[in-house]
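# Observations on the three-dimensional arrangement
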Amino acid sequence: MELLNLMLFSYQDLEESHRMKLSLTKVVNGCRLGKIKNLGKTGDRTMDVPGCLLYTKTGSAPHLTPHTLHNIHKVPAMAQLTLSSLAEHHEVLAEYKEGVGKFIGMPESLLYCSLHDPVSPCPAGYVTNKSVSVWGVGGRVEMTVSKFMAIQQALQPDWFQCLSDGEASCAEATSIKRARKSVDRSLLFLDNCLRLQEESEALQRSTIIGVIEGGDVMEERLRSARETAKRPVGGFLLDGFQGDPMTLETRLHLLSSVTAELPEDKPRLICSVSRPDEVLECIERGVDLFESFFPYQVTERGCALTFSFDYQPNPEETLLQQNGTQEEIKYVHQTKKIKTTGCNQEMTSFEINLKEKKYQGDFEPLVRGCSCYCCQNHTRAYIHHLLVTNELLAGVLLMMHNFEHYFGFFHSIREALKNDRLAQLKELIRRQAS
Amino acid sequence: MAAAASPSSMESAPRIMRLVAECSRSRARAGELRLPHGPVATPVFMPVGTQATMKGITAEQLDALGCRICLGNTYHLGLRPGPELIQKAHGLHGFMNWPHNLLTDSGGFQMVSLVSLSEVTEEGVRFRSPYDGEETLLSPERSVEIQNALGSDIIMQLDDVVSSTVTGPRVEEAMFRSIRWLDRCIAAHRRPDQQNLFAIIQGGLDAHLRATCLEAWLAKWCHVRTRDPRQQTPGHREAEQMTKRDVPGFAIGGLSGGESKNQFWRMVALSTARLPRDKPRYLMGVGYATDLVVCVALGCDMFDCVFPTRTARFGSALVPTGNLQLKKKQYEKDFRPIDPECACPTCQTHSRAFLHALLHSDNTAALHHLTVHNIAYQLQLMSAVRASIVEKRFPDFVRHFMGTMYGDPTLCPTWATEALASVGITLA
């Protein structure tokens, strides 16, 4: 009976076993509002789009234990794990047998496993026709398709990014040849992974996310989108659209063209894009899901998100509360570093720096009216003190606030779309961006 | 709560301790402290939150663990953020949003630990701030002034702290000076109704000096006129006046340094033998599990130590058999919790294997998991000790504890065996 089942398995069957479905409520100016249903290995979970995934490091939200994570309102249903932090624990997970969700103490969460950590991009030059490498604490872990799938088997995530070649987007200027190679390799990896998934009992309920590559080359991007869409993947990851603000327009144009080629009823994820203004730009171009590493980066530089996403009437009043005039905003933009990933990037105008002396005696919460644990219980003065004295609690409290603020932002995007107010929200965010 | 102990007042300090049970063999006691921010069951272990934070864990987490009193440090907080700011924030309770009790030390211990930066005179201790190089004088008056601003429920007198490894006349000098400084602290204390000032018994490892120190306090209570010729500091011209110098509680200080355990326990026992029965005895800086159990047997009620929280941040988890160095490879595939009997959130959700992996990452959550567990361990230990005293089976508890910790009663450290024997508990 088992053998018969295996023999009957075909691409069609795999396709149907993805009972997961993205149902769109409405599409406005390219923005998709909807729900993903029948999610997860149990097939009974739902997720709203547009939405974000909970960012984790080595399977745990940064700085947070389940207790403090539970204090946060509107935590996304799906968390992002990174293979770069988990690949080296392959043997342990294989012996554990019960899957990474239970191992990390998040058995109730939906889990998406990405290849890399968006905060620490890995060194380029290590992708071959047969393997891709990730960097863990212990060094480089090289993965062929079979090793990659063996690791996924031990992890048993709900979704996982397929092994892919993302390096066409690393270099300053992509050659067409390199872009073509990234697409070819990624498709080959995808076909091999799908074949191995067919043969794996343990991975039947996991969903492969196909990766769209192609660097900055339109032709290759379109080819990648069309070819990947032909495969029975559960969704798409738009890789390599992050980068230099100078080439933003070009990349956004590419993005629109790519998503136009993708089926409507499958979710589109994007990696390495997390800033509020960039999130909105991508939603307008057909992206559904984002990583939430931006609030983590803000936390690491001792800052708190304070930008308003209250798009209801009186946006003028809200702006009066923001720091900086138009002149200051222009100046900050000019001095901003070019790289937009990594914790060393400059502060944005979406946040305040609690290390500044002016907060020493400020007994207001981080954001007035914020419902997070930090704002309900503590003051700017206290956070300032914790930062000045290098106390661990600073990171805990800031992370709680920054995540809550960010998840609230995504909630407001969905509300704005529902009430046809996205233009107002976009204008509000645009005016606060540097 | 604590009455004003001015020269003209005859009020005695209130009884903040209610004894619930006493061991019929040893000197162990179970009790309850009545403090401004709520009752505290004793014996009690008080975790140390030096700079207005319990390292990585929130006030809510600490409350959920059952902690009802913890420590803040006057020296550190006096420098950053400073008493004026904390006062504006409605005291240390308001500043860190801690609803239960706080105990602040005087800043005196830093004299020993940061001795290269300080100079002790009759006036006080002159520090050079490690942050901005500025010189500050920590006098008894200044220490109490800062602690008044902090608003902690129990405040400590400034004492002249000398390392327990020091011998000779310096020890005697420090002991007498501490008595004089107690007087100055009492005189300077502006909030005796809201904050309980504890005295600190000094005397190093010299039994005679310790006894003298204790006598000095007891003598004061018994309305004996004393005239200490060394009292030459301003404001004490009324030395001949009868001064009732009653305090709501006592700390045993100057131990938990580099002294041998053999000398350590004898000084503790000597102190508890002479201290009033109906007042709390706070043994400062003691926190290893064995030390806690032995010193409860010797008659101590309150303890504080950075050890459990500090060792957590190095990846060490406290268990009834000692500790687990979770970063070590042997825990890589150990899927059990730290302690299957432990009720803490860490042990309810996570395995040693996961904590091992997390400890090798740069996610600080690993440290917080262990901090939660280690505090839970200490509080659960004290709870169990207390229950055994109330249920009249403390000696059996001690035997079982030592058996678990050392495998066999004969393997228990000699000092502990002797200390327990001195109060009627045999291990074999």
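Counting of residues starts from 1 at the beginning of each chain's written sequence and follows it residue by residue. Here the convention is simple: chains get letters from A, ligands get numbers from 1, in the order in which they are written. Given that the model is predicted, a residue must reach a pLDDT of at least 70 before its local features are reported, and side-chain atom pairs must reach 80 or more before they are shown or counted; all residues, however, enter totals for whole chains, interfaces and linings. Values reported for side chains reflect all heavy atoms of the structure, with hydrogen atoms and water molecules removed beforehand.

## A short note on the side chain of Q161 of chain A
Residue and element names in this part refer to chain A. Labels follow the DSSP assignment, with helices taken as runs of H or I lasting at least four residues and strands as runs of E lasting at least two, numbered in each case from the N terminus. Its place among the elements puts Q161 in strand β9 (residues 159-161). Here a polar contact is taken to be a pair of N or O atoms separated by no more than 3.5 Å, where protein atoms must pair a possible hydrogen donor with a possible acceptor and residues adjacent in sequence count only if both atoms sit in side chains. Within the local environment of Q161, its side chain forms a polar contact with the backbone nitrogen of L115, the two atoms lying 2.8 Å apart. Within the structure, the side chain of Q161 is placed 3.3 Å from the side chain of S164, a separation counted as a polar contact. Should any heavy atoms of two residues lie within 4.5 Å, those residues are considered in contact. Not counting chain neighbours up to four residues away, the residues in contact with Q161 comprise Y112, C113, S114, L115, F148, I209, V211 and L237.

## Details of the UniProt feature "binding site: Zn(2+)" (unreviewed entry) in chain A
All names here are of chain A. UniProt positions are given in the numbering used here, feature names are shortened, and annotations may be inferred rather than shown by experiment. This chain's UniProt record puts "binding site: Zn(2+)" (unreviewed entry) on C370, C372, C375 and H401. These annotated residues cover 32 residues of sequence, and their C-alpha atoms lie no more than 8.4 Å from one another, placing them together at a single site. Within the secondary structure, C370 is located in the loop between β15 (351-353) and α15 (373-377). Ignoring anything within four residues of it in the chain, the contact list for C370 reads C375, Q376 and H401. Summarising the element assignment, C372 is placed in the loop between β15 and α15. When near neighbours in sequence (up to four residues on either side) are disregarded, C372 contacts M400, H401 and E404.

## Some remarks on empty space enclosed by the protein
Residues and elements named next belong to chain A. Cavity: a set of points on a 1 Å grid over the protein atoms alone where a 1.4 Å probe fits but cannot get out. Pocket: an open set with protein on both sides within 12 Å along at least five of seven lines, its lining residues, like those of a cavity, having an atom within 4 Å of a point. Grid points are joined across faces, edges and corners, and a volume is the space filled by probe spheres set on the points. Scanning all chains against the criterion turns up five cavities of 30 Å³ or more. Every residue lining the largest cavity is counted, 19 residues in all, and those nearest its centre are F241, Q242, S272, V273 and E278. Examining the composition of the lining of the largest cavity, we find that four residues originate from one element, helix α10 (residues 248-260), more than from any other. Under the grouping applied here, Gly and all other residues not named as nonpolar or charged are polar, the nonpolar ones being Ala, Val, Leu, Ile, Met, Phe, Trp, Tyr, Cys and Pro and the charged ones Asp, Glu, Lys and Arg. Residue composition of the lining of the largest cavity, grouped by class: eight nonpolar, seven polar and four charged.

## Quick word on the interface of chain A and chain B
In this complex, chain A contributes 39 residues to the contact, which on the side of chain B involves 40 residues. Accessible area that two parts lose when put together, evaluated with a 1.4 Å probe and summed over both, is termed the buried area. Here chain A packs against chain B, burying approximately 3300 Å² in sum over the two surfaces, 63% of which is carbon and sulfur. Considering only the surface of chain A that becomes buried against chain B, H385, E391 and L392 of chain A emerge as the three largest contributors, covering 16% of it. A pair is scored as a salt bridge if a Lys or Arg side-chain nitrogen falls within 4 Å of a carboxyl oxygen belonging to Asp or Glu. The tally of links from chain A across to chain B stands at four salt bridges.

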